[in-house]
Amino acid sequence: MDGEWKEVFAGRRSNAARQMVAPLLRCAAVVLTITSFPGMSALGGQEVPCDAALLDRARTGPYGYTQRQDRCEGLYVREVAGTALFMASFTAVFEDFNSDAPEAIQISWPSADNNTSLPNDSLRILARGIKRDLYYQMDTRRARNSNAYIWPADLLSALQIKKSDVGVVAWAEHSIGEVTRALYVPLHLRQTGLDSATGYEVIVFPTVRLEEVYITISRVGSDGYATERLMAEEPLNYGYYPAERPVRIAIGNLNSVGVYELQIAAKSIRGDMISLDPVWIYYGDTNPSDGPFGFAIDGASCAPSSHPIWARDERRIH
């Protein structure tokens with residue numbers, strides 16, 4: 001691999017959620033390079049989960065981005081120059097919710113109790129629009145001793161936002177050895193018992209047209225550094241990556257529970273190299289029919305792939 005790619009895949013410390021720091025004890029690890037996210041803002045001296053930059057660009061009217069009880073949510077005005085690529089979603093189950101119904105959506109995640117591989121600090125949950133010209137965001141923060149959040153769906157219903165229009169992530173900042181990065185947990189989103197998409201899925205969202213997207217997955221040891229590379233700079237080979245269309249990546253069977261390093265880089269149609277900051281994502285081994293968290297995906301449940309630890313399906317670019 002040439003010099004520019006070595007720079008693209010060089011690990012960098014993430015700036016995401018710097019105020020959420022907690023030790024992560026010895027474990028195996030997945031790191032995914034993503035953009036950093038803005039800090040929290042304060043209203044009346046009390047910390048709330050609002051993105052201060054979006055408060056300044058909130059749309060006027062009842063649907064503008066603002067604090068709504070225990071969350072901040074709404075529409076905002078697009079920046080003239082924004083991020084070229086960001087990680088929009090990391091889920092294990094994402095139910096096809098009904099945008100015509102106001103029923104709340106339950107978001108749940110693995111409990112940190114007795115599991116040193118999981119976040120032991122409060123999580124930030126972020127939902128963002130992944131549809132062209134949909135500038136929507138929801139932010140909230142949950143305490144470390146919780147593992148679920150009830151997301152009111154009244155605004156989603158009013159705006160007719162569908163499942164395919166949004167991506168959702170949750171993370172806390174953690175340390176393994178001397179390395180500190182954002183640790184993302186797999187989310188379950190359910191509303192009405194409609195058909196669910198199960199299996200670990202990462203979604204990245206480009207704001208420019210891409211030529212290719214590349215994936216690196218490594219196991220990380222107790223010192224916070226990669227001990228074994230499972231896949232190195234593998235292209236997705238989807239063939240077509242239009243601007244403002246989600247790129248869906250199904251993570252296959254990683255064989256063992258823990259945290260792994262997953263790096264994502266891309267080449268724009270103009271030839272520019274784009275690299276996202278490294279983060280960690282938690283991978284579990286629970287079968288979908290046996291429990292709520294973690295899925296080992298085999299060839300029978302995912303699209304065929306030449307590589308066993310991830311599954312690709314060109315139809316997922318929509």
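Residues numbered from 1 in each chain as written. Predicted model: local features only at pLDDT ≥ 70, side-chain atom pairs only at ≥ 80, totals over all residues. Heavy atoms only, no water.

Undergrad: What is the right way to read the state of the cysteines from this model?
TA: In this structure the tally under the stated criterion is one disulfide. Each sulfur of the disulfide joining Cys50 and Cys72 lies 1.7 Å from the other. Judged by the sign of its S-S torsion, about -75°, the cystine formed by Cys50 and Cys72 is left-handed. Residue Cys50 is located in strand β4 (residues 46–51), and its partner Cys72 is located in strand β6 (residues 71–75); the two are separated by 22 residues in the primary sequence. (Disulfide = S-S within 2.5 Å. Helix = DSSP H or I, 4+ residues; strand = E, 2+ residues; numbered from the N terminus.)

Undergrad: Teacher, can you tell me more about the packing of aromatic side chains here?
TA: Each aromatic ring pair is described using two quantities: the centre-to-centre distance and the angle formed by the ring planes. Throughout the structure, instances matching the rule amount to eight aromatic pairs. Seen from their ring centres, Tyr260 and Tyr283 are 6.1 Å apart, and the 85° between their planes marks the pair as edge-to-face. Here the residue Tyr260 occupies a position in strand β19 (residues 258–268), and Tyr283 occupies one in strand β21 (residues 280–283), the gap between them amounting to 23 residues. Here Arg128 stacks its cationic end above the ring of Phe86, 3.9 Å away from the centre of that ring. (Phe/Tyr/Trp six-rings, centres within 6.5 Å; stacked < 30°, edge-to-face > 60°. Lys NZ or Arg CZ within 6 Å of the ring centre and 35° of its normal.)

Undergrad: Please explain the pairing of strand β14 (residues 187–190) as it appears in this structure.
TA: Strand residues, when the strand is regular, have side chains that alternate between the two faces of the sheet. Where strand β7 (residues 85–95) meets β14, three bridges bridge the pair, whose relative direction is parallel. Bridge assignment links Phe94 to a residue of β14, and that residue is Leu189. With three bridges joining them, strand β8 (residues 105–108) and β14 adopt antiparallel strand pairing. Paired with Gln106 across the bridge in β14 is Arg190. (Pairing = 2+ DSSP bridges.)

Undergrad: Sorry, what's going on with the side chain of Ser268 here?
TA: For Ser268, the position within the fold is in strand β19. Apart from residues lying up to four places away in sequence, Ser268 is in contact with Arg209, Leu210, Glu211 and Ile274. (Contact = heavy atoms within 4.5 Å.)

Undergrad: Where do I start with the pattern of salt bridges in this structure?
TA: Two side chains carrying opposite charge are able to pair once their charged atoms lie near each other. Under the defined criterion, the tally for this structure stands at eight salt bridges. One salt bridge connects Arg142 with Asp70, and the closest N-O pair in it is separated by 3.5 Å. Of this pair, Arg142 sits in strand β10 (residues 136–142) while Asp70 sits in the loop between β5 (66–68) and β6, and the two are 72 residues apart along the sequence. The class for Arg142 is buried, based on a relative accessible area of 17%. Take Asp70: its relative accessible area is 34%, and that puts it in the partly exposed class. (Salt bridge = Lys/Arg side-chain N within 4 Å of Asp/Glu carboxyl O. Buried < 20%, exposed > 50% of the residue type's maximum accessible area, 1.4 Å probe, protein only.)

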